[in-house]
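Chain by chain, the residues:
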Amino acid sequence: MSMAIRVIPCLDVDAGRVVKGVNFTGLRDAGDPVELASRYDAGGADEIVFLDITASSGDRQTLLDVVQRTADCVFIPLTVGGGVRSPDDFDLLLRAGADKVSLNTAAIADPTLLSQAAERFGSQCVVLSIDARRCPPGVSTVSGFEVTTHGGRRSTGMDVITWAMEGTKRGAGEILLNSMDADGTKAGFDLELIKNIRGVVQVPLIASGGAGSLTDFALAVDAGADAVLAASVFHFGQFTVAQVKQALAESGLLVR
Amino acid sequence: MTTQDIVILDYGSGNLRSAQRALEKVGATVQVTADFDEALNADALVVPGVGAFAACMRGILEVRGDVIIDRRLTAGRPVLGICVGMQVLFAHGVEHGTTVDGLGQWPGVVERLGAPILPHMGWDTVRAPADSTIFAEVAGERFYFVHSYGVTTCDLTPHHLNRRSPVITWGTHGTDFVAAIENGPLVATQFHPEKSGAAGLELLNSWLQSL
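Residues numbered from 1 in each chain as written. Chains lettered and ligands numbered in written order. Predicted model: local features only at pLDDT ≥ 70, side-chain atom pairs only at ≥ 80, totals over all residues. Heavy atoms only, no water.

1. Considering the pairing of strand β6 (residues 126-134) of chain A
All names here are of chain A.
Point 1. Across the nine residues that make up β6, a large majority, eight, are buried.
Point 2. The pairing of strand β5 (residues 100-103) with β6 spans three bridges and is classified as parallel. Its bridge partner lying in β6, Ser 102 is registered against Val 127.
Point 3. Taken together, the six bridges between β6 and strand β9 (residues 174-179) define a ladder with parallel strand orientation. Paired with Leu 128 across the two strands is Ile 175, which belongs to β9.
Point 4. Here β6 runs beside strand β7 (residues 145-149); their pairing, made up of four bridges, is antiparallel. Residue pairing across strands places Ala 132 opposite Val 147, the latter belonging to β7. (Buried < 20%, exposed > 50% of the residue type's maximum accessible area, 1.4 Å probe, protein only. Helix = DSSP H or I, 4+ residues; strand = E, 2+ residues; numbered from the N terminus. Pairing = 2+ DSSP bridges.)

2. Quick word on the side chain of Lys100(A)
Point 1. Within the element layout of this structure, Lys100(A) appears in strand β5.
Point 2. According to the relative accessible area criterion, Lys100(A) is buried, its value standing at 1%.
Point 3. Among the polar contacts made by the side chain of Lys100(A), one reaches the side chain of Tyr144(B) at a distance of 3.4 Å. (Polar contact = N/O pair within 3.5 Å; in protein donor to acceptor, adjacent residues only side chain to side chain.)

3. Examining the sheet that holds strand β5 (residues 90-95) of chain B
Residues and elements named next belong to chain B.
Point 1. Strand order in the open sheet formed by four strands is β6-β5-β7-β10, with mixed pairing between adjacent strands. The two strands at the open ends of the sheet, each matched to only one other strand, are β6 (98-101) and β10 (149-150).
Point 2. Looking at chain direction, β5 and strand β7 (residues 106-112) are connected through three bridges and run parallel. When the sheet's bridge partners are listed, His 92 is paired in β7 with Val 109.

4. Brief notes about the confidence of the model for chain B
Point 1. Within chain B, residue pLDDT values average 94, and 97% of them lie at 70 or more.
Point 2. The ipTM assigned to the predicted complex is 0.94, against a pTM of 0.95. (pLDDT = per-residue confidence, 0-100.)

5. Details of the layout of surface pockets
Residue and element names in this part refer to chain A.
Point 1. Estimates place the volume of the largest pocket at around 1,200 Å³.
Point 2. Taken together, the elements giving at least two residues each to the lining of the largest pocket come down to β1 (6-14), β3 (48-52), β5, α4 (105-109), β6, β9, β11 (227-230) and α9 (232-235).
Point 3. Considered class by class, the residues forming the lining of the largest pocket number 15 nonpolar, 18 polar and nine charged. (1 Å grid on protein atoms, 1.4 Å probe; cavity = no way out; pocket = protein on both sides within 12 Å on 5 of 7 lines; lining within 4 Å. Points joined across faces, edges and corners; volume = space filled by probe spheres on them. Nonpolar A, V, L, I, M, F, W, Y, C, P; charged D, E, K, R; others polar.)

6. Section: the sheet that holds strand β11 (residues 167-173) of chain B
What holds strands together in a sheet is hydrogen bonding between their backbones, with the strands either parallel or antiparallel.
Residue and element names in this part refer to chain B.
Point 1. Pairing is mixed in the open sheet, where seven strands are placed in the order β2-β1-β3-β4-β13-β12-β11. Of all strands in the sheet, those bounded by a partner on one side alone are β2 (29-33) and β11. Taking the axes of each pair of neighbouring strands and ignoring which way they run, one obtains an average angle of 25° across the sheet.
Point 2. On top of the sheet, helix α4 (residues 65-74) reaches β1 (5-9), β3 (44-47), β4 (79-82) and β13 (186-189); it is set at about 140° to β3, its chief contact. (Axes fitted to C-alpha atoms, helices over the stretch in contact; angles between N-to-C directions. Contact = heavy atoms within 4.5 Å.)

7. Things to note about the packing of helix α6 (residues 160-169) of chain A against helix α7 (residues 191-198) of chain A
All names here are of chain A.
Point 1. Two elements in contact, α6 and α7, have axes separated by 9 Å at closest approach and are oriented at 40°. Taken together, the axes of α6 and α7 lie oblique to each other. With respect to the hand of their crossing, α6 and α7 are arranged in right-handed fashion. Counting all contacts with α6, which are made through Val 160, Ile 161 and Ala 164, the residues of α7 involved are Leu 193, Asn 196 and Ile 197.
Point 2. Class assignment of the residues belonging to the contact of α6 with α7 gives a composition of five nonpolar, one polar and no charged. (Parallel < 35°, antiparallel > 145°, perpendicular 65-115°, else oblique. Left-handed = near helix turned anticlockwise from the far one by under 90°.)

Listed below in structure tokens is the structure:
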């Protein structure tokens, strides 16, 4: 295995602006996704994820503009998710310059979306994003983890293992695994969740949610992640992409 | 040096914008088109490609890309294949047990890689021979790959199709596969130089300078 562990900053984009606070010194405009993506690219990010959290679908054109402007100046892979509901949404994003598109809630409502997209555009650009959590009282699954929707607020009762297996069988070429329990806690990734999914899928796995210290990342990789994703720790300058890579390298892992 | 006019063959495959911008960034004038004459007469032609081998072949045949590529190469005019745009240059592709004819510029079969995790997605190293032109400035760098299929056996004769001796660069994911070939006017990479950051731009620049 000679592949580098990918370190991926994630930007939440609302109506064409980065939200959830980004705190960089020396930025002309802290809310511009293109400027931030360029900044992360220059800092050694291996990939960028844009998550569109725009509530109204009327702002899709704004997102496409952002994707286009990013693809014009950032020459690393770009994944875009949020609000993708049809193969045509996929098509628009890919044409605008996205390399991969992630599906979440829409794939739960209609799993054939995954196969439709994979057939039309290839599995390599279909990312299944799963918002998982440990089952709360009243919900029970075999693995003890369930799939949620609406940012972790709604239970589906579906076992996260079953869903990951079905998703990859239907053509997802990568899994973006978000722990809703760990998200925002900075207490580390949910390693048990990562191990559970790694054990059943043969596609690349991105671990997300919980990064709080530099040593957290290598633990996620040891648990089975091929890539690590974080948002706030990068945005608020708690550490840089380069520092995360250095920590991974010090743990004996390959980085770019 | 004069600016090179490049055509990216637009046959309906994937993200062409990044390839266009990356080539512009290193100084080329780029047109994305399926126009037969433009593609035939450009200083160099880029054949992109993502997704399925069979779908890419269909798209290429629809715009008579097979004829364009063949005529260009016969006249010694540069062609660069990227990802599936490289794979279709080989004789055959095998997907889900079905064999599809490729463009046959090189003998060989594109098949599913034997690796525990596919796609091979991410930044990987390659083994470029010392006489490589495109890797001259970027030996030892990592490039961005995303593919599940590849060419694992590549036995090109020294003067295949009267082109300059092939320079083959290998990569490994579960098994060895062809990461790039430089064969006279025909050059191809399995990875995406347009998505490989500064190293990818440098590689594209070396290719441009060699035209």
